[in-house]
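So the chains spell out like this:
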Protein chains: 2
Amino acid sequence: MVNIRQVAKKAGVSVATVSRVLNHPDTVSPRTMEQVLETIKELRYTPNGLARSLALKKTSTIALLIPNILNPLYPQVAKGVEDVAHQKGYNVLLCNTEEKEHKERDYLEMLIEKRVDGLILTSSLLRKVDFDQIKEKQIPFVMIGKNEGNIEANRVFTDYILGGYLATQHLIEIGYTAIAHISGPKSQLASREKLQGYKKALQEANISLDERYIVEGDNEIEGGYLGVKKLLKLPEPPQAIFAANDLMAIGAIDAIKSEGLRIPEDVAIVGFDDIKISSLIEPKLTTISQPVYKMGLIAARLLFDCIENNLEEDDFQQNIFIQPKLMVRKSCGCEERVREIFN
Amino acid sequence: MVNIRQVAKKAGVSVATVSRVLNHPDTVSPRTMEQVLETIKELRYTPNGLARSLALKKTSTIALLIPNILNPLYPQVAKGVEDVAHQKGYNVLLCNTEEKEHKERDYLEMLIEKRVDGLILTSSLLRKVDFDQIKEKQIPFVMIGKNEGNIEANRVFTDYILGGYLATQHLIEIGYTAIAHISGPKSQLASREKLQGYKKALQEANISLDERYIVEGDNEIEGGYLGVKKLLKLPEPPQAIFAANDLMAIGAIDAIKSEGLRIPEDVAIVGFDDIKISSLIEPKLTTISQPVYKMGLIAARLLFDCIENNLEEDDFQQNIFIQPKLMVRKSCGCEERVREIFN
DNA sequence: TTGAAAGCGCTAACAC
DNA sequence: GTGTTAGCGCTTTCAA
């Protein structure tokens, strides 16, 4: 591939001049400018970004680590990040960690070697040592979602305790008392927080906790399906279920239907995430919404703030809190209940 | 950040030796090896991949261009690509082109500058000149899906004409004659091919084509919704609809329900893609399946073949054809019809 | 087995 | 305005 020297030679100028034409057009005479530009076109010269990055110590590349690209939540985050990155002239390296700590760490290593300008970590499983490494290498990073160990970092997150609380409380308000919870993997902080919110709501309403009503899922459709199958086998099956994410809620709905039961008449469901499909399935899913696309945007902007202003990590440490919101639709049986009350 | 020279100095060896330890461990004495490894750890040295890539003319990075990450089809492709890339020790740059030709071209430019080792293009809008550029720069690439102009390339694709044909033919077999089609943007080859398959099936069955039965959508849920609204206003609304993708089919179902009509009794629906959600909505969607995850895998493997064997583009030009498959579920009314026949 | 040194292609400080 | 040149951090050839 043709390089800057060949361009310089053919244009009858120095490499510095060619470089100037590309990077500081205003410092070069119109005449030379034109000449150089022309030979660039003639030779089909494409500057070598590696060399450029090496000299500049800047790659114009950031990385986005997500646990599972097949969960519709994350493409939304990715789009948010990508949108602002592209606008800023950056590329984004996509790393799908599959919720494997070692894979995430693997990636981290590769990314440091590649000298990415910044990192966005979602639902990270990394530990303090890993973050110490990132900080030592002075790589700006932003986290989406909280994680174990309460790492100091710029962070965009929603309060899952509150979310879990809101979901459960809504079911309680409607009038249910036998409320089950299909949680995500307990190994994840997010799952435990949602569970905590669930418990808090029950407690506040003086509903005693039945441990059999809490089943652990995998945050996938299948997990919701299996969870319901388990719950319905109980001597006293629940009247309502709070699923820790929409995917599991969808699986739950599928399972409930397969048992010949109706939603919400026989079993009410509330999900979490408000993925697009949730408002399109039958019955439309009542769920807790978190604006993930926006979270991606915000995280990326935060990251670029760090990158561009060369902020020390400790300077500004922002924790941006995103409020989860209850989206009332059909699956919770809210309407039926209201009708009942007013008739 | 600490560099190879500092490691060499502290370890009391030359930079060449440090480099050897990292890249050709077998050519170095155990003693030196150990020493170097130790100082590497001590100094927390992470090799600079940029410099390495510059010297090696190899970045261990490939790029994946997709039109719309929010369409569940593409995360599947991305996962396929990412899975094999990661296994090969490569990173993947994700580029969301939003079906904008200029954005795709923009990206291409950036990617060439970054000297990616290879490219995977899905549903590309690029033209011959762009591909000429890629070829001239000798960047291996694989295309997923056909595109305008019939570019010579390694390619993994499904026959959309056949897919459209299969979908329509199935509706005809069931007994429908008033069959509408909600197409994707006609500007896209894929949309036109599906339409072509639709027409072919009608023609074969001697059903005359009614142009009012063909409406153009946007491949999004909304497009399907709007399409149905338009179709149902016709003096003789269709009994069945073939939607060019599942997203539009889902929108269509929503619209049909909102009109108080039943599926498939009043209007039958067939989609295209078989995204995961299709088997979970009510009624379960009959659709044409293309194994996109596998297509991603295959495309990536093909790409790495080119990269690793340094194949000339013209050498081996593979066109891998993936068979679309009809998935019969509920939305087409197939069962009802069968029951009718046997009663 | 190891070291010296020439490149990889670019940027920017410095000199003219 | 423009050219010369010293890096940026690595790999690899060649010689020892």
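Residues numbered from 1 in each chain as written. Chains lettered and ligands numbered in written order. Predicted model: local features only at pLDDT ≥ 70, side-chain atom pairs only at ≥ 80, totals over all residues. Heavy atoms only, no water.

Q: Hey, could you run me through the UniProt feature "domain: HTH lacI-type" (unreviewed entry) in chain A in this one?
A: Residues annotated by UniProt as "domain: HTH lacI-type" (unreviewed entry) correspond here to residues 2-56 of chain A. Along residues 2-56 of chain A, the helical share is 71% and the strand share 0%, with 21 Å between the first and last C-alpha atoms. (UniProt positions renumbered as here; feature names shortened; annotations may be inferred. Helix = DSSP H or I, 4+ residues; strand = E, 2+ residues; numbered from the N terminus.)

Q: Help me understand the protein's contact with DNA strand C, please; the structure alone is not making it clear to me.
A: What surrounds DNA strand C is a group of 25 residues, the closest being Ile4(A), Tyr45(A), Thr17(B), Arg20(B) and Thr32(B). Note that a phosphate oxygen of DNA strand C is positioned 2.3 Å from one of the backbone N or O atoms of Ile4(A). Contact distances for DNA strand C include 2.7 Å between a phosphate oxygen and a side-chain N or O atom of Asn23(A). Among the elements of the structure, helix 2 (15-23) and helix 4 (49-56) of chain A together with helix 2 (15-23) and helix 4 (49-56) of chain B are those that each provide at least two residues to the surface near DNA strand C. The class makeup of the residues in the surface near DNA strand C is twelve nonpolar, nine polar and four charged. (Near = heavy atom within 4 Å. Polar contact = N/O pair within 3.5 Å; in protein donor to acceptor, adjacent residues only side chain to side chain. Nonpolar A, V, L, I, M, F, W, Y, C, P; charged D, E, K, R; others polar.)

Q: Is there a simple way to explain the relation of the copies chain A and chain B in this structure?
A: Copy one and copy two of the chain differ by a rotation about a common axis and a shift along it. Between chain A and chain B, the superposition needs a rotation of 180 degrees and an axial shift of 0.1 Å, giving an RMSD of 0.1 Å. These values place the two chain copies in the arrangement generated by a two-fold rotation axis. When C-alpha distances to the rotation axis are compared across chain A, the minimum falls at Leu93(A), with a value of 2.2 Å. Comparing contact sets, 100% of the residues at the interface of chain A also lie at the interface in chain B, consistent with an isologous, same-surface contact. (Least-squares fit on C-alpha atoms with pLDDT ≥ 70 in both. Contact = heavy atoms within 4.5 Å.)

Q: I'm lost on the protein's contact with DNA strand D in this one. Help?
A: In the neighbourhood of DNA strand D, 29 residues make up the surrounding shell, with Thr17(A), Arg20(A), Thr32(A), Ile4(B) and Tyr45(B) lying closest. Counting only the atoms of DNA strand D that lie within 4 Å of the protein, the sugar and phosphate share comes to 69%. Asn3(B) is positioned with one of its side-chain polar atoms (N or O) 3.5 Å from a phosphate oxygen of DNA strand D. With respect to DNA strand D, the backbone of Ile4(B) contributes an N or O atom lying 2.3 Å from a phosphate oxygen. For the surface near DNA strand D, the elements supplying multiple residues, two or more each, are helix 2 and helix 4 of chain A together with helix 1 (4-11), helix 2 and helix 4 of chain B.

Q: Explain the nonpolar core to me, please; I cannot follow it from the model alone.
A: Within soluble globular proteins, side chains that are nonpolar generally end up buried alongside one another. Core analysis: the biggest nonpolar cluster contains 160 residues, and Ile62(A), Leu171(A), Ile269(A), Ile62(B), Leu171(B) and Ile269(B) have the highest contact counts within it. In this structure Ile269(A) touches Ile241(A), Ala249(A), Ala252(A), Ile253(A), Ile256(A), Ile263(A), Leu285(A), Thr286(A), Ser331(A) and Cys332(A), once residues within four positions along its chain are discounted. In this structure, Leu111(A), Leu119(B), Leu121(B) and Ile134(B) belong to the second largest nonpolar core, which totals 40 residues. (Core = buried A, V, L, I, M, F, W, Y, C linked by side-chain atoms within 4.5 Å. Buried < 20%, exposed > 50% of the residue type's maximum accessible area, 1.4 Å probe, protein only.)

Q: Can you help me understand the pattern of salt bridges in this one?
A: Pairing between side chains of opposite charge can happen when their charged atoms approach one another. Tallying each qualifying case throughout the model produces 42 salt bridges over all chains. With a shortest N-O distance of 3.1 Å, Lys10(B) and Glu42(B) are connected by a salt bridge. Of this pair, Lys10(B) sits in helix 1 while Glu42(B) sits in helix 3 (residues 30-43), placing them 32 residues apart in sequence. Take Glu42(B): its relative accessible area is 46%, and that puts it in the partly exposed class. Taking the shortest distance from any N to any O, the salt bridge between Asp132(B) and Lys128(B) comes out at 3.4 Å. With Asp132(B) and Lys128(B) both in helix 7 (residues 128-136), this residue pair falls four residues apart, about one helical turn. Overall, the relative accessible area of 35% leaves Asp132(B) in the partly exposed class. The exposed category is assigned to Lys128(B), whose relative accessible area is 54%. Counted as one network, the salt bridges with shared partners bring together Lys79(A), Glu82(A), Asp83(A), Glu98(B) and Lys103(B). (Salt bridge = Lys/Arg side-chain N within 4 Å of Asp/Glu carboxyl O.)

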